[in-house]
Amino acid sequence: MGLVGRALTESLATVAVCLGASLGLAPLNAAGSSEPSSQYWSFRPPTRPEPAAVRTAWASNPIDAFVRQALREHGLEPSPEASKERLLRRVCLDLTGLPPTPEQAASFLSDPSPHAYERLVDSLLASPHYGERWAQKWLDVVRFADTDGFERDGYREHGWRYRDYVVRAFNSDKPYDRFVREQVAGDELFPASNESLLATGFHGAGPRHVTSGNQDKEEARQEVLTEMALGVGQGLLGLTVQCARCHDHKFDPISQEDYYRLESFFGATELKDLPIASEEEIAAQEKAVAEHEARVEPLKAQLEEIEEPFNTQVRERKRAALEPAFAAALEIAEDNRTEEQARLAKEAESQIKPVWYEIVPLMPPDTRRHRADLRQQLHALELHRPDPPAAAFAVANLEEAPPSHILQGGDYRRKGEAVSPGFPQAVGTLGLEAPSVGRGRRSALARWLTSERNPLVARVMVNRIWEFRMGRGLMRDPNNFGLLGGMPTHPELLDALALRFAGEGWSVKAIDRLIVLSSAYRQSSEMDPKQAAIDPDNRWYWRAHRRRLSGEAIRDSALAASGRLNRSLTGRPVRIPIEREVYDLIFTEAEPDNLWPVTPDRHQHDRRSLYLLNKRTVRLPFLANFDQPDTMTSCSVRQTSTHALQSLSLLNSDFMQDQSRSLAGRILRHCGESDTDCQIRRGFEFTLARQPTPAERALAGSFLRSESGALHDFALVLLNRNEFVYRP
Amino acid sequence: MNSSTDPSDAATLGATSRRDLLFRAANGFGALALQHLLAQTALAQTAANPLRAKRPHFGATADAVIFIFNVGAPSSMDTFDPKPLLNRHAGEPLPESFGSVGGQFTDGTNPILGTPWRFRRYGQSGLPVSELFPNVARHVDDICFVRSFVTHSVVHAPAMYEVHNGRLFATHPSIGSWVTYGLGSESENLPAYVVMPQPEGTPEGGTSCWSQGFLPSVYQGTLLRPGPNPILHLKRPAGMTEARQRDMLDLLQAMNEIDSGPLDSEMQARIAAYELAFRMQSHAPEAVDLTKETDATKRSYGLEQDHTREFGTRLLLARRLVERGVRFVQIYSGGGPLSMQWDAHKHLKQNHEKMAGHSDVPVAALLQDLKQRGLLERTLVIWGAEFGRLPTSEAGNGRDHNPHGYTMWFAGGGVRGGQAIGATDEFGLRAVDRPFIMRDFHASILHALGLDQNQLWYLHNGRHEKLTDFGGTVIKDLFA
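The rules behind the values
- Residues numbered from 1 in each chain as written.
- Chains lettered and ligands numbered in written order.
- Predicted model: local features only at pLDDT ≥ 70, side-chain atom pairs only at ≥ 80, totals over all residues.
- Helix = DSSP H or I, 4+ residues; strand = E, 2+ residues; numbered from the N terminus.
- Rg over C-alpha atoms; globule rule 2.2 N^0.38 Å.
- Buried ≥ 20, exposed ≤ 12 C-beta atoms within 10 Å, placed from the backbone.
- Contact = placed C-beta atoms within 7 Å.
- Nonpolar A, V, L, I, M, F, W, Y, C, P; charged D, E, K, R; others polar.
- Pairing = 2+ DSSP bridges.
- Axes fitted to C-alpha atoms, helices over the stretch in contact; angles between N-to-C directions.
- Parallel < 35°, antiparallel > 145°, perpendicular 65-115°, else oblique.
- Core = buried A, V, L, I, M, F, W, Y, C linked by C-beta atoms within 7 Å.
- Domains from an automatic or database assignment.
- Expected span 1.5 Å × (residues − 1).
- pLDDT = per-residue confidence, 0-100.

Quick notes on the overall build of chain B
Move 1: Secondary structure assignment for chain B yields eleven helices and 16 strands.
Move 2: Taken over the C-alpha trace, chain B has a radius of gyration of 23 Å; the compact-globule value for 480 residues is 23 Å, and the two agree within 12%.
Move 3: Overall size of chain B, expressed as C-alpha extent along the three principal axes, is 80 × 55 × 40 Å.
Move 4: The 480 residues of chain B split such that 62% are buried.
Move 5: Of the contacts made within chain B by residues no fewer than 6 positions apart, 77% connect residues no fewer than 24 positions apart.

So, the overall build of chain A
Move 1: Looking only at helices and strands, one finds 31 helices and six strands in chain A.
Move 2: For chain A, whose C-alpha radius of gyration is 30 Å, the value lies close to the compact-globule estimate of 27 Å for 728 residues.
Move 3: With 728 residues in all, chain A has 48% of them scored as buried.
Move 4: Long-range pairs, those at least 24 residues apart, make up 72% of the contacts in chain A between residues at least 6 apart in sequence.

Describing the interface of chain A and chain B
Move 1: Counting residues at the interface gives 77 residues for chain A and 70 residues for chain B.
Move 2: Elements with a minimum of two residues in the side of chain A that touches chain B: α1 (6-19), α13 (324-331), α14 (339-352), α25 (621-624), α26 (644-652), α29 (694-705), α30 (711-720) and α31 (722-725) of chain A.
Move 3: Among the elements that take part in the side of chain A that touches chain B, α26 of chain A stands out by supplying eight residues, more than any other.
Move 4: Counted by class, the side of chain A that touches chain B contains 29 nonpolar, 33 polar and 15 charged residues.

Some thoughts on the pairing of strand β2 (residues 391-397) of chain A
All names here are of chain A.
Move 1: Burial runs high along β2: five of the seven residues are buried.
Move 2: As judged from the seven bridges shared by strand β1 (residues 269-275) and β2, these two strands associate in the antiparallel manner. Bridging across to β2, E270 finds its partner in A396.

As for the environment of S636 of chain A
Residue and element names in this part refer to chain A.
Move 1: Along the polypeptide, S636 turns up in the loop between α25 and α26.
Move 2: Sequence spacing of S636 and R464 is 172 residues, and the spatial spacing of their C-alpha atoms is 8.0 Å.
Move 3: If we ignore the near neighbours within four places in the chain, the residues touching S636 are V141, D477, P478 and N479.

Description of the packing of helix α18 (residues 457-470) of chain A against helix α19 (residues 491-503) of chain A
All names here are of chain A.
Move 1: α19 packs onto α18 with a crossing angle of 105 degrees between their chain directions and a minimal axis gap of 8 Å. By the angle between their axes, α18 is roughly perpendicular relative to α19. Taking contact as the criterion, the partners of A458, R459, M461, V462 and N463 in α18 are, on α19, L494, L497, A498, F501 and A502.
Move 2: Looking at the contact of α18 with α19 residue by residue, the classes come out as eight nonpolar, one polar and one charged.

Some details on the nonpolar core
Move 1: Among the nonpolar cores identified, the biggest contains 294 residues, and V462 of chain A together with V65, V329 and W409 of chain B are the most heavily contacted of them.
Move 2: When residues in this core are grouped by element, the largest group, twelve residues, is from helix α7 (residues 265-288) of chain B.
Move 3: Structurally, this core is a two-domain feature, drawing no fewer than three residues from each of domain 1 (175-273 + 392-449) and domain 3 (551-727) of chain A.
Move 4: Core analysis: the second largest hydrophobic core is formed by seven residues, L322, A329, L344 and A348 of chain A among them.

What to know about the domain arrangement of chain A
Move 1: The domains assigned to chain A are domain 1 (175-273 + 392-449), domain 2 (280-389) and domain 3 (551-727).
Move 2: Here the C-alpha centre of domain 2 of chain A lies 42 Å away from the C-alpha centre of domain 1 of chain A.

Considering the sheet that holds strand β11 (residues 406-411) of chain B
Residue and element names in this part refer to chain B.
Move 1: Across the sheet, eight strands lie side by side as β6-β5-β7-β1-β8-β11-β4-β12; this open sheet has mixed pairing. Two strands in the sheet have a free side with no partner beyond their single neighbour: β6 (222-223) and β12 (419-421).
Move 2: By the bridge criterion, three bridges tie strand β8 (residues 379-384) to β11 in an arrangement that is antiparallel. Paired with I382 across the two strands is F410, which belongs to β11.
Move 3: Helix α5 (residues 175-183) contacts β1 (64-70), β5 (193-196) and β7 (328-333) of the sheet and is inclined by roughly 170 degrees relative to β7.

Let's talk about the packing of helix α6 (residues 242-258) of chain B against α7 of chain B
Residues and elements named next belong to chain B.
Move 1: At a minimum axis separation of 10 Å, α6 and α7 run at an interaxial angle of 170 degrees. Taken together, the axes of α6 and α7 lie roughly antiparallel to each other. On α7, the residues that touch L249, L252, Q253 and N256 of α6 are M267, R270, I271, Y274 and F278.
Move 2: Looking at side-chain class alone, the contact of α6 with α7 contains six nonpolar, two polar and one charged residues.

Notes on helix α9 (residues 306-323) of chain B
Residues and elements named next belong to chain B.
Move 1: Its 18 residues give α9 an end-to-end C-alpha distance of 26 Å, which sits within 8% of 26 Å, the value for a rise of 1.5 Å per residue.
Move 2: Counting buried positions along α9 gives 14 out of 18 residues, so the element sits mostly inside the fold.
Move 3: Looking one or two residues beyond α9, the residue adopting positive phi is G325, at roughly 95 degrees.

Concerning the environment of H464 of chain B
Move 1: When you line up the elements, H464 of chain B lands in strand β16 (residues 463-466).
Move 2: The class of H464 of chain B is buried, set by 20 C-beta atoms lying within 10 Å.

Focus: α6 of chain B
Move 1: If you check α6 of chain B, its first and last C-alpha atoms are 24 Å apart, about what 17 residues at 1.5 Å a residue would give, namely 24 Å.
Move 2: Taken together, the buried positions of α6 of chain B are occupied by Q245, M248, L249, L251, L252, Q253, M255 and N256 of chain B.
Move 3: Those residues of α6 of chain B that are buried are in contact with α29, α30 and α31 of chain A together with α7 of chain B.

Remarks on the pairing of β1 of chain B
Move 1: In terms of burial, β1 of chain B is largely enclosed, as seven of its seven residues are buried.
Move 2: Neither face of β1 of chain B is left uncovered, since the one carrying A64, I66, I68 and N70 of chain B and the one carrying V65, F67 and F69 of chain B both have all their residues buried.

Description of the confidence of the model for chain A
Move 1: Summary statistics for chain A give a mean pLDDT of 92 and a share of 94% for residues scoring 70 or more.
Move 2: Considering only residues more than four positions removed or in separate chains, one finds that residues 1-30 of chain A, a stretch of pLDDT under 50, has 32 contacts.

Details of unusual backbone geometry
Residue and element names in this part refer to chain A.
Move 1: At N538, a residue that is not glycine, the phi angle is positive and equals roughly 55 degrees.
Move 2: In this fold, N538 is placed in the loop between α22 (529-534) and β5 (547-548).
Move 3: Owing to 20 C-beta atoms within 10 Å, N538 belongs among the buried residues under this scheme.

Structural data, given as structure tokens:
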């Protein structure tokens, strides 16, 4: 059985037959046609649809006309507008990832003007937290993390600069076509700009397969190419191109040749850290490093001195235990060894090398303590090692691109026909040429992606924006505009948005604004059994989609509520303290005493979750429990599962205990010890940005006035409440 | 629909095999079984629990799995796959007909290394086991050895990923997550999928070995450690008593009810999750509390001996977890520093005697204990690794990696014991008779659990992802 279950394959085969020639693969054609080979809707340019002539008070903008029309066709009515409190919370969480501050709440809730909401929206779009919120979404799609993943999971010294580039790009409303061009080929197209160099971190954002031991270079290279093709395929084109790596795509008009032609655009591209620091910065850094080394050196020397006799002891013991041939080879003077003896001697050297766990047990207890103490001092000093000179986590071109081949079964050892860069035939060349020289390949790809004739790129992005704000994509899976992705619920709306996006300067903020100002967005999320009977999944948007917050947003919200959130923007990733149980999961064969050097400045620990060091193999349980993606593959929509480990994290973790204590302290500062009513009111304002209802006041009051009713516990309850962890 | 286990199509706890089993064995722990059942019934009323037990696709022979993974790769020809020619030709090169050999650090041109251990035949089946596992050997009549597994990397981490998730990369959910996704949990007070790594450290593949990948986090493997705080964040903060927490939860739940209409299964699920968390705080410590175990049991697992105490404790915990309805226990022998792995590139003898010394008595006790309690029938025990080791030598006294043919074994859960399936060549280098790849391994485990590999899928990034991808062959002979 192939890709999917038998029943499914059969039903899809039927679909494919019905679509007939429209899905047929064009025969191999190296030159490529300007016209799309496929008639499937997503490969055809968007058409300019007429908005339905729905004129009601509800339809406040063009989006609403389309939504209203679909609702009507399905016998549904839109829901009433959400309460002002809920709308406030919704739009703040959506646009900035943070709950409203008491000030935002006070100013919006007391503003009777019909333009109050619009003003709020504009202030949120202008907030620097807007770019942070978008960055999290974009980084999910490009599967960004600060480490390589897999066994070695090495730290990427400069990876975070790509993350910051993304934050800045969304904050400055960089036109999306420019954003795409910079990420795909910023180094080629805008060589004078460091910012564009940083953008190319896009290609290396995903995992990188580095293991210890011998590794096949060609295999590793193939993995890098695959990740690059995936980034463009899924992230920008919304196509499951990876399915065509081993065979022609089973459902979409993407041939295996298409796939390797796409990969061939990266034939000359290699991942590289490129310096962007000025000469003065480099000189200053070198000086600082020299000073640092001078501080570290004496400690290192002391450690060596302590370990030396034990190293010798172990070395001698291991030397005595060598197999005779190895021992003999080692006895022979280096210059007199035959080739075989040299090989044996080299291996013998590595065999007799002492390892920490061999020498430490030999030490008397006070020596062991002394050594541990010195190592601690060393680690403490190393926390202040000067940062390396700034570099871009970027890509560069090789002089010559090695030939690209179709790989049979996706196996790098089974090279088939040679291929050169080429655009997927289903879409066509759009009148552009794909060069075969090394330099400029990615520029051509970037131009093709952002051509006004490209049918996918704008559609895919407006659908991401829509899904981000509305809670459900017009295309359910934003990473799949192929056959298995199904049809959009509102094809005309999708096209209208795509044309507007590309036609009016590719402004993400403009589309965001259009969506969140629509009546469709502003609906209540209240359940209505009658309408739910018609449309249980709310495909037609008869109400707003309520959503569990991401782990990152829950953590950020708790920090905001407790008053501790450090709102500074961008910068090096922060290592917050982790539980012993988590520390023990960091794989190492080395001495495990400095695997997680916590960022020394405690104020940094209260940064937004976006800035926490994201190590692929060591997930922070608080975030992972709330379905943080594993960053090994692209995540277009966050999962939301509900389980007891989340409750345990929210009740018992040090983090939540800290936050509830701080929140209680914040309440006390405003209300004092005895004013329970004030405490309840403030508690609700700080967490939910609203006043308690009488019922809530009564519940909270009887809790706080009871014997066991600690304010800290009340604070923790507020931070655990369904309403707090949901976007209404 | 984005998954093969749509909540509406699976009857709540239709198959009550484990519950029946608990009653059958109720003499030993009647109170526990009753308590268990009551808790289950309460939760079964909550429709929105994604972990509720689900009916398998067809008749299962196993309800639970204990997968003992031996990190670093034990040698097959020194444990369960005897090769008499090794000692006869020790010191000689492999015959030229064997061609070039892919190891990690060696290429097969080193001389053949004889095995330092003698093999003896055991049980009615007369299957041979080396001196390294004299206690496990007593159970050969319950064990099926498959001597012809193949993985596709000579490097630890990728091969580990292949054994755990079917790919050489850490991009897919582990088998424990797939099984939890497919079958849910029969314990409402404990996690469904529990992982117990070596205290000294994780395998080379790291936490990715037991990752839930792109599956929702509810299917994650939950780390469990022996001792008073077995699960992260389980322990109440200092000063927080059970009663005080209950008061707090009562307030929380009253407020959560305000946020939640009667039709609101999502909010109701969240309310239920808090109650489960509350119960877990007492049930999980109970599950790992070994004081109720008899001295004889503890002795049998080697808890009185320094070299077996640690691993014995974890295996005893594995039995207690399975007894309480945990679906999948992933347990590691070895991890962290090289001195605590089976990775015998040099000093094979010392290394394997040490590592087998840690595990022989406990593994044998686990089989014995499960059998005695009537649990072995429905519990599939797997003993395996990422690959085996080469017949040729490294460093004169060690062996390099060998993914070309190696042994894993199975017991319980419908497995027909006392047999060996597949074979490697006369030196134990390559699988020559019925080679099996990891897709076959996984398909077979799913089969024992009543899961059809093609019906267990999850739509991710436009692809119907499955554990066995293009499909594996169930090793039918494995089962009775």
